[in-house]
Structure formats: structure tokens, C-alpha cells
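Architecture at a glance
Here are the chains, one letter per residue:
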Amino acid sequence: RHKFWETQPVGQFKDLRDTSLPEGPIEPPTPLSEVKQEPYNLPNLYEWVTCDMNSEETCLEVYNLLSNNYVEDDENMFRFNYSKEFLQWALHPPGYFKTWHIGVRVKSSKKLVAFITGIPAKIRVQNEIITMAEVNFLCVHKKLRSKRLAPVMIKEVTRRVHLENIWQAAYTAGVVLPTPITSCQYWHRSLNPKKLIDVGFSRLGPRMTMSRTMKLYKLPDSPLTPGFRKMELRDVPSVTRLLKTYLLEFVVAPDFDEMDVEHWIVPKEGVVDSFVVESQETHEVTDFCSFYSLPSSILGHPNHSNLKAAYSYYNVATKTPLIQLMNDALIVAKQMDFDVFNALDVMHNEGFLKELKYGPGDGKLHYYLYNYRIKSMLRSSELGLVLL
Ligand code: YNC
Ligand code: MG
């Protein structure tokens, strides 16, 4: 059934009920001298390139490939439209490897037709902290689909990850592959219900009018929690402490240090936003919330071409009730003109989704580990990892 994935060191469906299999790496690392030194073969018309995402020109080519060929919803109404600034942020964390930003070009025209990336990350599984690759942005041009190019791209990124002496990876996909460590659901909170209904993202509920719907989703003009403010660089030590403690609650979660928090959480205009609650008495940071900006192109609509979506990232509440913190996140996202706020049912998110009028989405997001077996599937609330 999965001619490629059956050959890979990933949990296989046939082993799902076998509790005797040990937890941990499926294959041991091989000596670096035994890692294949040359790239995998591509069909003759194509060539491998390493994409320098610091080059405006290359970044624009990647942006154009993804904005025309990356992930769409099941009904092909929307397509992710990651911005160039977002891609540069997502691909340049501390310690990134340029060689893990891999393109495929047509030899004759140099047109970019496929892409895949890895970035390094320390991920904790139970009590083990493992350096992994997070693999993302796998994309093959629409005209080259179903030619088994994806397995070659995956093998090539794997080879380049192995060359850095890294043997595990984490990734997500909308499709079911062998085999998810957990399957999550997206929930959506309307901020601009009129536009969401106009473009077919949501529907008017039964016995609802447009004006009742707009009233239902109305939010205050500004955050309600005293001391709620945008995160600044000086907050990195306290946010790191809050996040480290919180993430210990989950079975699989990143192991962030201050450099990671400076990269991933400190606000970057149009890319990622974060807010802290600073105690009015002690000036301690007691809570924070964050979300990233990932618009979608609206395909074939006469009046609207872009949907502004905020995605819940990492949130930690120690003093402010989580519902109140995340309500303030909705309020500032609305102020920033987002149309919708999305969140997965990971970490403690189930504690605010229904209460804050999120509705469940269709389709799931499956999380995977490469070359690492866990004893049994996790509940989504046991997952402390958000991939972009
Ligand atoms: C997918 N999303 O099952 P079997 S997510 C992984 N992730 O193999 P072909 C996928 N595998 O089943 P196409 C996959 N989608 O026969 C398909 N596959 O064993 C498998 N879409 O290849 C599939 N981006 O080239 C099958 O298919 C084989 O031409 C078929 O290309 C697929 O970034 C794709 O959704 C997805 O651009 C490139 O459809 C194409 O259809 C496309 O004939 C729109 O491939 C965009 C899209 C995927 C977003 C993502 C995470 C990717 C993770 C990849 C796995 C990483 C493993 C770890 C590596 C490092 C290891 C170390 C150490
Ligand atoms: Mg193909």
C-alpha cells in the first residue's frame, strides 16, 4: 500500500498492536563514512540545488513555487500563502544548515519545480532529548505530480540530515502515512464572520442571520487583562522559564533555550506575534501567548483573494486564566485585522476552544517521527509541539 514508506524506518501499521517492540530509535546510526556521499539520482531533465534563502531572488522563487503549488484544502478553495519573511524566519533558526534547503530545477530553464526543507531542533520524547530535523515545505509542482519525485526528495533530505550526524526527524502531514504519533484537529475562531461566509470558509449556522452571527463573534476593542502587552527582547529569560516548565507536561515537546525563544517567540512584524502579562505589582511576567501569521490565497473568488489567518503557537498561563489569556489573543488578532484565529487541540488548548467559540475544522493534521518508535499513539493533548 505504501511502496516507499514501507521501506523506511518509521512505525509500520502492522506493528501498531505489537507492544513488545522497544521504544526509541528503529535503526542505529551508521558511521558517517558510510553515509552516501553523492546526491540521489533525479530524472535526467532535473538537477539538485541548495537554495540560499537569504538571497531575495531565490526566496522569491521558492515563494512563487509554494504560493502556486503548496497545500490546499480538500475542496481546493484555499491554498497556504506563506510570506517570504515567514519562510526566512522558518528556515533560519539557531544552527540551521543551508544544505537542508533543497530545490529541484529544470536543467535547461533553471525553473524551480520542487522543494523540501529541514531545520535542526532539540525535541524531547518522554525523558530523552534528541536532536532532530523538522522537515517541512515538501512541494512538487502541480505538473510533476504522481511521478514518484517525493520519495527521492525525502531520501535526499534524509541523506543530508545524516551527513550532520542527525538520525531522527519530526514532520506533519494532512495525509495518513505509516504511522502517526498523534492526530490533531484544527479549530477555527471567526474574527471577521462576514468575509469568512462570503468566501465559503464558513457557513451561516441554522436559524442564524448575518447580524446575529456578527454579534456572536464580536470582541472588545482592546485586551482586558491588566499588564497584557507585546513581548519584548527583555522578556526572553522569563518567557523561556515559563515555556520550559510548561512543556515538561507533554510527552513530545521541543527543548527550547533562550536563543530558540529569541528566534521563535519574539515578535517579528507580519510573521509571529507574542504578548506577555506583566504583574502590576511585582513586574514579573506570569503568562504569555503567541501566534504566527499564515495567510491563504482564496482561489477563484470575485471579491476576495487573501484570507488573513493567525495560528495559535505556544501559550503559557500561570496566573491569568487560560481562557482570559486566549480571549485577549483573539482581541489583539482582531485589532491586527486577522479574519480567523486557528488552533490545534494540542497541549491545554481544549481548555479554551469551545468556551471561546471556536468551531472544529474538517480534516486532521497528523504528526510523525522518523526513525523513532513510541509505545502507543498519544492523545493530542499529550503533544507539546507546533510545527509551522
Ligand atoms: C507527505 N505530505 O504516500 P507511498 S507536509 C510524506 N509527506 O509514498 P509522488 C508523502 N510523504 O505511500 P506527489 C506526502 N504526500 O507510496 C505524499 N507522500 O509510500 C508520499 N502537494 O510520491 C506518498 N505538501 O511524488 C507516496 O507524489 C509518495 O507527486 C508519492 O508528491 C507529493 O511538508 C507532494 O501537500 C506532497 O506538492 C510533494 O503532492 C505533492 O503527489 C505536493 O508520486 C501539495 O509520497 C503540497 C503538500 C506536503 C506538506 C510536509 C512534511 C513532509 C515530510 C516528508 C517526510 C520527511 C521524513 C523525514 C526525513 C528526514 C529524516 C532524517 C533523519
Ligand atoms: Mg512526483
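Residues numbered from 1 in each chain as written. Chains lettered and ligands numbered in written order. Predicted model: local features only at pLDDT ≥ 70, side-chain atom pairs only at ≥ 80, totals over all residues. Heavy atoms only, no water.

Looking at helix H8 (residues 322-335)
When the terminal C-alpha atoms of H8 are compared, their 20 Å separation across 14 residues agrees well with the 20 Å that a helix rising 1.5 Å per residue should span. Every buried residue of H8 is accounted for by Leu325, Met326, Asn327, Asp328, Ala329, Leu330, Ile331, Val332 and Ala333. At the C-terminal side of H8, Asp337 shows a positive phi close to 75°. (Helix = DSSP H or I, 4+ residues; strand = E, 2+ residues; numbered from the N terminus. Expected span 1.5 Å × (residues − 1). Buried < 20%, exposed > 50% of the residue type's maximum accessible area, 1.4 Å probe, protein only.)

Points about the site of ligand 1
Around ligand 1 sit 33 residues, and of these His2, Trp5, Leu138, Ser146 and Ala150 come closest. Contact distances for ligand 1 include 2.6 Å between an oxygen atom and a side-chain N or O atom of His2. Trp5 has a polar backbone atom sitting 2.8 Å from an oxygen atom of ligand 1. In the complex, the protein chains occlude 87% of the 1200 Å² of accessible area that ligand 1 would expose alone. Of all the elements in the fold, those that place two or more residues in the shell around ligand 1 are strand S5 (128-140), helix H3 (149-162) and strand S6 (168-173). Considering every element that reaches the shell around ligand 1, the biggest residue donor is H3, with 8 residues. Tallied by class, residues from the shell around ligand 1 come to 21 nonpolar, 8 polar and 4 charged. (Near = heavy atom within 4 Å. Polar contact = N/O pair within 3.5 Å; in protein donor to acceptor, adjacent residues only side chain to side chain. Areas by Shrake-Rupley, 256 points an atom, 1.4 Å probe, with all protein chains shown as cover. Nonpolar A, V, L, I, M, F, W, Y, C, P; charged D, E, K, R; others polar.)

Topic: the sheet that holds strand S13 (residues 306-307)
Here 3 strands make up an open sheet; going across it, the order is S2-S12-S13 and the pairing antiparallel. Two strands close off the open sheet at either side, each with one partner strand: strand S2 (78-80) and S13. (Pairing = 2+ DSSP bridges.)

A few points about the domain arrangement of the protein chain
The domain architecture assigned to the protein chain consists of domain 1 (5-172) and domain 2 (183-382). Relative placement of domain 1 and domain 2: their C-alpha centres are 26 Å apart. The interface is formed by 44 residues belonging to domain 1 together with 42 residues belonging to domain 2. Taken over both partners, the interface formed by domain 1 and domain 2 buries close to 4200 Å², and the fraction arising from carbon and sulfur atoms is 59%. In terms of surface lost to domain 2, no three residues of domain 1 exceed Phe78, Trp89 and Arg124, which account for 20% of the buried area on that side. (Domains from an automatic or database assignment. Contact = heavy atoms within 4.5 Å. Buried area = accessible area lost by both parts, 1.4 Å probe.)

Re the environment of Asn303
Of note, Asn303 is situated in the loop between strand S12 (296-298) and S13. Residues Asn303 and Trp187 lie 116 residues apart in sequence; the distance between their C-alpha atoms is 25 Å.

Brief notes about the pattern of salt bridges
Applying the stated criterion across every chain, the model contains 18 salt bridges. The residue Lys142 makes a salt bridge to Glu72 at a minimum N-O spacing of 2.5 Å. Taken together, the residues span a long stretch of sequence, with Lys142 in the loop between S5 and H3 and Glu72 in the loop between helix H1 (56-69) and S2 at a distance of 70 residues. A salt bridge links Glu278 to Arg229; the shortest N-O distance between them is 2.8 Å. With Glu278 in strand S10 (residues 272-278) and Arg229 in strand S8 (residues 228-230), the pair connects residues that are 49 residues apart, well separated along the chain. Note on accessibility: Glu278 and Arg229 belong to one class, buried. (Salt bridge = Lys/Arg side-chain N within 4 Å of Asp/Glu carboxyl O.)

Digging into the pairing of strand S7 (residues 182-190)
Regular strands show a simple pattern: their side chains alternate between the two faces of the sheet. Counting buried positions along S7 yields 7 of 9 residues, so the element is predominantly enclosed. Across 6 bridges, the pairing between S7 and strand S17 (residues 359-370) is antiparallel. In the sheet register, Thr182 faces S17, and the bridge partner there is Tyr367. Bridge analysis of S7 against strand S16 (residues 340-344) gives 5 bridges, and the strand direction is antiparallel.

So, the environment of Ala253
Mapping Ala253 onto the fold places it in strand S9 (residues 252-254). Sequence separation between Ala253 and Gly384 is 131 residues; the distance between their C-alpha atoms is 4.4 Å. Setting aside anything within four residues of it in sequence, one finds Ala253 in contact with Lys122, Ile123, Arg124, Leu247 and Gly384.

With respect to the packing of aromatic side chains
Each aromatic ring pair is described using two quantities: the centre-to-centre distance and the angle formed by the ring planes. This structure, assessed with the given rule, holds 27 aromatic pairs. Ring centres of Phe291 and Phe338 lie 5.9 Å apart, and the angle between their planes is 90°; on these two criteria the pair is classed as edge-to-face. Placement of the pair is Phe291 in strand S11 (residues 285-293) and Phe338 in the loop between H8 and S16, with a sequence separation of 47 residues. When sorted by exposure, Phe291 lands in the same class as Phe338, which is buried. (Phe/Tyr/Trp six-rings, centres within 6.5 Å; stacked < 30°, edge-to-face > 60°.)

Structural notes on helix H2 (residues 84-91)
The element H2 is extensively covered by neighbouring structure, given that 6 of its 8 residues are classed as buried. Those residues of H2 not exposed but buried are Phe86, Leu87, Gln88, Trp89, Ala90 and Leu91.

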